[in-house]
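# Chains, contacts and geometry: an overview
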Amino acid sequence: MHHLSLKAIANKLTKKEISAVELIQYFLDRINTHDKTLNSFVTVCEEQALQQAHAVDQLRNKKKLPYYAGIPIAQKDIFCTQGIKTSCGSKMLDNFIPPYNATVIEKFNQAGFITIGKTNMDEFAMGSSNESSFYGAVKNPWNITKVPGGSSGGSSAAIAARLAPVATGTDTGGSIRQPAALCNLTGLKPTYGRVSRYGMIAFASSLDQGGPMAKTAEDAAIMLNIMAGHDAKDSTCANNAVPDYTANLENPIKGLKIGLPKEYFSAQLDSNVAKQIEQVIQTYKNAGAEFIEISLPSSELAISAYYIIAPAEASSNLSRYDGVRYGYRCEDPKDLTDMYERSRSEGFGSEVKRRIIVGTYALSAGYYDAYYIKAQKIRRVIRDEFLTALNKVDVILSPTTPNTAFNIGEKVNVPVSMYLSDIYTIAVNLAGLPAISAPAGFINGLPLGFQLIGKHFAESTLLNAVHQYQKLTDWHTQSPEQYA
Amino acid sequence: MEWDVVIGLEVHAQLATKSKIFSGASTAYGAEPNTQACAIDVAMPGMLPVLNQEAVNMAIKFGLSTHSTIASTSIFARKNYFYPDLPKGYQISQFEHPIVKNGFLDIILNDGQTKRIGVTRAHLEEDAGKSLHEDFHGLTGIDLNRAGTPLLEIVSEPDLTSAEEAVIYLKTLHSLVRYLEICDGNMQEGSFRCDANISLKPKGEKKLGTRTEIKNVNSFRYVEKAINFEISRQKEILESGGNVSQETRLYDAVSGETRAMRSKEEANDYRYFPDPDLLPLVVDELTIKSIKNQLPELPADKRERFKVQYELTDYDANNLVASKELADYFEQVCSYTEATAKLAANWVMGDLMALLNKDGLDISQSPISSQSLAELLDRISDNTISGKIAKSVFEAMYAGEGSADEIITQKGLKQIVDPAVITTFITQVIKNNPTQYEQYKAGQDRLFGFFVGQVMKLSQGKVNPQLLNQLLKKQLDS
Amino acid sequence: MTTVNQETIKKVAHLARLKINDEESKTTAAAITEVLNLVEKINTANVEDVHPLANPLDNNLTPRADAVSESNQREALLLLAPSSEAGLYLVPQVIE
């Protein structure tokens, strides 16, 4: 049951081989069994989920329900859920129960999905290991001494351990793709503006994008069909028509032009990683894809530009957490400044504070031009280099991460080495492009992912390419033994 | 020592939209605290701003009527600072790229001269909430109803040289935004607020002196007083060899003094940057053109038209166009009456405004409609009543006793124009005052007025004064 | 190479309303210095004539029509407030 695709589960529900209540209870039981170890959920919505499942079962006899009605989904705790605590992995919002739903949540509700729980994440999505969460580190189901990646590490661990069939994530610099890679999943970061950010707690507004995390490209396509689309409540949300992302999955990829950026395949690339990626390339070649070397000369500047822009936007986005209207307020503030400073210092964890300070510094008088403006200029250069390359090729292929999952605790006190684990994913956010990560095999029992980057709004191409790959490989069907 | 005074004004005009600039909450004034502060206004996590088109249109209207450039692309930026009435920890404003820039406004000084005041820029931004300092056990209460109300911040060039000029500029601006119907101009409610930047420099000196900023002065009178106080304060400091420190000051209406604000002492670093939640605002030529076509007649144009069409003096025309409602009222009176426009102007600006001001009423709340006033003016010009009687009829009308004709009839105030009746009054008065009659005859001409007065008294003021003059002269001199 | 001293960190922390003690300011200064040295790689780029990119799609705003769409949400929102009374959010005294 827990290995089934969305279609297969929906089929069972429709044929009444299983009821929604049984289905939800099944996954709740798995969560109860395994999540004490993994810590992938911040909140499990046992009561509400069962209630909704009951309602679905009742209605199924009376009227036609949405095709996926009754299927459980794990929602990253960054999406506001009406009546359900939404903490964003922070003590600051440990008591925060939103009176509204994020647009993404609303859309999944409309499609009949049932929120089974809210997944753990790096605090305010700042991190690549899920260790910065107020609720503690999440363990990688493939090896519980390893990180599951971040910031959507709760979502990736939950799917990898088959505690939920699918989950949502958000990706500001790789936070969907990197945990998907480290947990043997398929995760898609859509084009900036493809999915509404309304009700999705902001980290860096010009980079943040919600997207699907799943076992397969097919499930991801089904999810994107639900998530994508214009939203009048988000001014940055694109108005482009939404195609049916499942429609092109079966198209042959013969003749697909795949670019290999020479900067990503330098001598520094780990040889085991290179070997695995070479296999991916071979598989695509066998399917008739063509490979072309391309160049992204400024890609080495991406991390630098990103770690100015993202903290700068974050420093401002996180100013609303001031202890006045909601969230954490310190005990007995002696005056206004004391209330601000203690509420924020006690409510935020150290990585969040570090980024607020970097961002505040980069925006402050005397540094704005040298840091922020310059970073935005580099951002344009990086985007334009991608667009030029994507004129020659349909997609760009790279590893998703420089290595497989690292040890818990290994990088937590070395921020810069943590930042460098996003080296292949970050530029994509600066350019606003869609990109997908999919399983590429294993190194010493740990999963590795490869990434495909597409043109703006070419999610269909990415999903098609990965779906075809997944028809020729079985990496994505493997799951950790302990959770079999 | 002689000093040049340099004043620039920053006016915050709340735009008269129905909903807020970035949310769908109501902007209506006076609601219960926090009942008009929605999740966006309260800066709940995940909330995003969506710009109100009407606020943009209003800014464009203002720009067009001040001969400004309308930016084809303007950018919303975040101004970051912490304050409890600022829920997001930043104010969405426009910084480097405002929607309106490089315009001017002509003002008419008290000596009749026109002076051109530069409008440096006008930008869109959101208002903050309000801190209520009533005692909540030593705490401050925050009401966020006002948070997110659209503001147009209108920044003048430092072209003003006295408190008097500043007030004239402010009144001209006030009149303009009301004409455009982009701001209700209610200063008590804070819809139209003014910050004044003031500095002094030795006469003729090019380099500007250090300025102070006086925040949020909420009436024309206080603006004048606050500026004058600040000018003398700075003069005193400079003349005793001191330095003015650049700071923000508050005007205290009770003491009539300004004092330095305590909360803004530390130098602020607002860390402006483009708001990533809002894309560039692009205004195309077509939009500008269509807004231009909808602009009402502006005060300056109306003033010129009044001078020509109604043959009014600069002074009368200027006063009448001060508010659109007043100008409309005047034009309505003129359309209903046969009397001259000059008579209409005198009555509207004289007697009517005097009573309205006394009762604190606006022209739109006048108990006498334009049509009723026109009827009264007709009775004056057709000699039914004298100007003097008209004043008492007017007062009765104002008190709600009826129309001019009703009151004239009821009280029997109709003017006496029959020479025979008037002659009877005159004969009676001469008979009653033989001594004065003798003295007049002996050459004391100034007693003529005495006889006029006596006839008026006897006739209860109803005798037509021109006729009385003629007939009295004839009879006394015969 | 930029080094940020403790004093700068304290000033910036205060701008961001974060309380930082001497010990923290030392470790933070070191960490921030490291981050700044990472990001200062941007100085190797010649981007003089490039226009800054604030948003990757080059889209423009589509404003909404002026209509009141939100009703009174005070009850639900004030429920979340750490301290409130008489419909107001309460904070330590604000001095003007």
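Above this note sits the structure.
Residues numbered from 1 in each chain as written. Chains lettered and ligands numbered in written order. Predicted model: local features only at pLDDT ≥ 70, side-chain atom pairs only at ≥ 80, totals over all residues. Heavy atoms only, no water.

### Quick notes on the interface of chain C and chain A
How we decide: Pairs of residues are marked as contacts when any of their non-hydrogen atoms sit within 4.5 Å. Salt bridge, as applied in this entry: a Lys or Arg side-chain nitrogen positioned within 4 Å of an Asp or Glu carboxyl oxygen. Secondary structure follows DSSP: runs of H or I at least 4 residues long count as helices, runs of E at least 2 residues long count as strands, and numbering of each begins at the N terminus. The residue classification treats Ala, Val, Leu, Ile, Met, Phe, Trp, Tyr, Cys and Pro as nonpolar and Asp, Glu, Lys and Arg as charged. All others, Gly included, are polar.
Facing 51 residues of chain C, the contacting portion of chain A comprises 61 residues. The residue Asp58 of chain C makes a salt bridge to Arg383 of chain A at a minimum N-O spacing of 2.8 Å. Ranked by residues supplied to the side of chain C that touches chain A, first place goes to helix H2 (residues 22-39) of chain C with 8 residues. Partitioned by chemical class, the residues of the side of chain C that touches chain A number 34 nonpolar, 10 polar and 7 charged.

### What about the side chain of Asn34 of chain B?
To be explicit about the condition: Relative accessible area decides the class of each residue, using a 1.4 Å probe on protein chains only: under 20% of the type maximum gives buried, over 50% gives exposed, and in between gives partly exposed. We call two N or O atoms a polar contact when they sit within 3.5 Å, provided that within protein one can donate a hydrogen and the other can accept it, with sequence-adjacent residues counted only if both atoms are side-chain atoms.
Within the secondary structure, Asn34 of chain B is located in the loop between strand E1 (3-14) and helix H1 (53-65). According to the relative accessible area criterion, Asn34 of chain B is buried, its value standing at 2%. Within polar-contact distance, the side chain of Asn34 of chain B engages the backbone nitrogen of Leu144 of chain B at 2.7 Å. Apart from residues lying up to four places away in sequence, Asn34 of chain B is in contact with Ile142, Asp143, Leu144 and Asn145 of chain B together with Asn72, Arg74, Gly87, Leu88 and Tyr89 of chain C.

### A closer look at the sheet that holds strand E5 (residues 90-94) of chain B
Under the convention used in this document: For two strands to count as paired, DSSP must find a minimum of two bridges between them.
With antiparallel pairing, 3 strands are arranged side by side in an open sheet as E5-E4-E15 (chain B). Sheet topology places E5 and strand E15 (273-274) of chain B at the edges, where each strand pairs with a single neighbour.

### Here's the deal with the environment of Pro297 of chain A
All names here are of chain A. With respect to the helices and strands, the residue Pro297 is situated in the loop between strand E8 (290-294) and helix H9 (302-317). For the pair formed by Pro297 and Ile176, sequence separation is 121 residues and the distance between their alpha carbons is 25 Å. Excluding its chain neighbours within four sequence positions, the residues that come into contact with Pro297 are Glu263 and Glu385.

### Structural notes on the interface of chain B and chain C
Rules: Accessible-area loss on putting two parts together, using a 1.4 Å probe and summing over both, is the definition of buried area adopted here.
At the junction of the two partners, chain B supplies 53 residues and chain C supplies 33 residues. A combined buried area of about 3800 Å² lies between chain B and chain C, and 60% of that area is made up of carbon and sulfur atoms. Its largest share of buried area at the contact with chain C, chain B owes to Phe82, Thr140 and Leu279 of chain B, together 14% of the area lost on that side. Here chain B is connected to chain C by 0 salt bridges. In this structure, the connection of chain B to chain C is made through 21 residue pairs in polar contact (both at pLDDT 80 or more). Looking at the side of chain B that touches chain C, the elements that each hand over two or more residues are H1, strand E8 (130-136), strand E9 (139-143) and strand E16 (281-282) of chain B. In terms of residue count, E9 of chain B provides more of the side of chain B that touches chain C than any other element does, 5 residues in total. Note that E9 of chain B and strand E2 (residues 88-92) of chain C share 4 bridges and pair antiparallel. Within E2 of chain C, the residue paired with Thr140 of chain B across the bridge is Val91 of chain C.

### Observations concerning H2 of chain C
Note the following rule: Between the first and last residue of a helix there are one fewer steps than residues, each counted as 1.5 Å, and that sum is the expected span.
The end-to-end C-alpha separation of H2 of chain C is 25 Å, in line with the 26 Å expected for 18 residues at 1.5 Å each. Along H2 of chain C, the residues classified as buried are Ser25, Thr28, Ala29, Ala31, Ile32, Thr33, Val35, Leu36, Leu38 and Val39 of chain C. Buried residues along H2 of chain C sit against H9, helix H11 (350-363), helix H12 (369-392) and helix H13 (415-419) of chain A together with helix H1 (6-15) of chain C. Where H2 of chain C begins, the side chain of Asn21 of chain C points an oxygen toward the backbone nitrogen of Glu23 of chain C, at a separation of 3.2 Å.

### Observations regarding the sheet that holds strand E1 (residues 84-85) of chain C
One open sheet holds the 4 strands; their spatial order is E8(B)-E9(B)-E2(C)-E1(C), and the pairing between them is antiparallel. The strands lining the two open edges of the sheet, one partner per strand, are E8 of chain B together with E1 of chain C.

### Focus: the packing of aromatic side chains
Residues and elements named next belong to chain A. Using the following cut-off: Ring geometry is summarised as follows: Phe, Tyr and Trp rings, the Trp one being its six-membered ring, pair when their centres sit within 6.5 Å, and such pairs are stacked at plane angles under 30 degrees, edge-to-face over 60 and tilted between the two.
Inspection of every chain in the model, using the stated rule, returns 35 aromatic pairs over all chains. Judged by centre distance (6.0 Å) and plane angle (25°), the ring pair of Tyr68 and Phe113 falls under stacked. With a gap of 45 residues between them, Tyr68 in the loop between helix H3 (46-60) and strand E2 (72-76) and Phe113 in the loop between helix H4 (103-110) and strand E3 (114-119) connect regions that are remote in the sequence. One exposure class covers both Tyr68 and Phe113, and it is buried. Taken together, a centroid distance of 5.5 Å and an interplanar angle of 45° make the contact between Phe96 and Tyr326 tilted.

### Re the pattern of salt bridges
This model, assessed by the stated rule, comprises 46 salt bridges over all chains. For the salt bridge of Glu213 of chain B with Lys215 of chain B, the shortest nitrogen-to-oxygen distance reads 3.4 Å. When its relative accessible area of 14% is taken as the criterion, Glu213 of chain B is described as buried. Connected via shared salt-bridge partners are Arg197 and Asp234 of chain A together with Arg78, Asp275 and Asp277 of chain B.

### As for the state of the cysteines
By definition, a disulfide is the covalent link that joins the sulfur atoms of two cysteine residues. Residues and elements named next belong to chain B. The test is simple: The term disulfide is used for any two cysteine sulfur atoms that are within 2.5 Å.
According to the stated counting rule, one finds 0 disulfides over all chains in the structure shown. Free cysteine: Cys194, not disulfide-bonded; nearest cysteine sulfur from Cys183 at 13 Å. Accessibility expressed as a relative area gives 1% for Cys194, which makes it buried.

### Brief notes about the side chain of Gln209 of chain A
Its location among the elements puts Gln209 of chain A in strand E6 (residues 209-214). In contact with Gln209 of chain A, other than residues within four places in its own chain, are Gly169, Thr170, Asp171, Ile176, Lys189, Pro190, Thr191, Tyr192, Gly193, Arg194, Val195 and Met200 of chain A.

### Some points on helix H9 (residues 370-381) of chain B
Taking 1.5 Å of rise per residue, the 12 residues of H9 of chain B would be expected to cover 16 Å, and the 16 Å separating its terminal C-alpha atoms lies within 8% of that figure. Within the span of H9 of chain B, buried status applies to Ser370, Leu373, Ala374, Leu376, Leu377, Asp378, Arg379 and Ile380 of chain B.

### Considering unusual backbone geometry
Excluding glycine, residues mostly have negative phi values, and the peptide bonds linking residues are mostly trans. Here the amide bond leading from Gly150 of chain A into Ser151 of chain A is cis, since omega sits at 5°, within 30 degrees of zero. Along the chain, Ser151 of chain A falls in the loop between E3 and helix H5 (153-160). For Asn102 of chain B, which is not glycine, the phi dihedral falls at a positive 55°. Among the secondary structure elements, Asn102 of chain B is positioned in strand E6 (residues 100-108). Of note, the phi angle at Asn216 of chain B is positive, near 45°, even though the residue is not glycine. Here Asn216 of chain B shows up in strand E12 (residues 212-217).

### Regarding the nonpolar core
What counts here: Side-chain atoms within 4.5 Å link the members of a nonpolar core, which is a set of buried Ala, Val, Leu, Ile, Met, Phe, Trp, Tyr and Cys residues.
Membership of the largest hydrophobic core comes to 198 residues, with the highest contact counts inside it found for Phe124 and Tyr284 of chain A. Of all the elements, H9 of chain A adds the most residues to this core, at 9 residues. With residues near it in sequence (within four places) discarded, Tyr284 of chain A still touches Ile253, Ile258, Ala289, Phe291, Leu397, Phe450, Leu452, Ala465, Val466 and Tyr469 of chain A. Within the second largest apolar cluster, 67 residues are counted, among which are Leu64, Ala163, Cys194 and Val223 of chain B.

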